[in-house]
Amino acid sequence: MDVSEKPVVRCSVSNCKFWGDFRCQASEIMIDIDAHANVKANSEFADETFRGDHKDTASKSSSTCCQTFVPK
């Protein structure tokens with residue numbers, strides 16, 4: 001995939017402001033591990049890097065969560 005292409009991100013969280021018929025419509029998406037689920041990420045995109053200067057690992061997809069969520 002070309003870096004300039006936007007990947008399709010499927011989502012079932014219909015009460016998110018970025019939800020669009022099972023596809024995320026956010027211009028940028030932050031995914032983190034569940035251990036950081038209560039971290040207050042800048043979901044309004046005030047910080048373009050989403051404080052992405054740290055790296056984590058996950059052993060399975062169920063250990064991850066989307067930090068981009070903003071309720072409608």
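Please refer to the structure higher up on the page.
Rules used throughout
Residues numbered from 1 in each chain as written. Predicted model: local features only at pLDDT ≥ 70, side-chain atom pairs only at ≥ 80, totals over all residues. Heavy atoms only, no water. Helix = DSSP H or I, 4+ residues; strand = E, 2+ residues; numbered from the N terminus. Buried < 20%, exposed > 50% of the residue type's maximum accessible area, 1.4 Å probe, protein only. Contact = heavy atoms within 4.5 Å. Areas by Shrake-Rupley, 256 points an atom, 1.4 Å probe, with all protein chains shown as cover. Phe/Tyr/Trp six-rings, centres within 6.5 Å; stacked < 30°, edge-to-face > 60°.

Tell me about the overall build of the protein, and name the residues and values.
If you tally the helices and strands in the protein, you get zero helices and four strands. Helices (α) and strands (β) of the protein occur, in sequence order from the N terminus, as β-β-β-β. Counting over 72 residues, the protein shows a buried share of 19%. Of all intrachain contacts in the protein linking residues separated by at least 6 positions in sequence, the fraction that spans at least 24 positions is 59%. Accessible area of the protein: about 5500 Å², with a carbon and sulfur share of 52%.

Describe in detail the packing of aromatic side chains, supporting the description with residues and values.
Scanning the model with the defined rule gives one aromatic pair in all. Taking 5.4 Å as the distance between ring centres and 70° as the angle between the ring planes, the aromatic pair formed by W19 and F22 counts as edge-to-face.

Tell me what's going on with the environment of K55, and back it up with residues and numbers.
Tracing the chain through its elements places K55 in the loop between β3 (31–33) and β4 (64–66). On the basis of relative accessibility, which here comes to 82%, the residue K55 falls in the exposed class. Each C-alpha atom of the pair K55 and D32 lies 9.2 Å from the other, and the pair is 23 residues apart in sequence.

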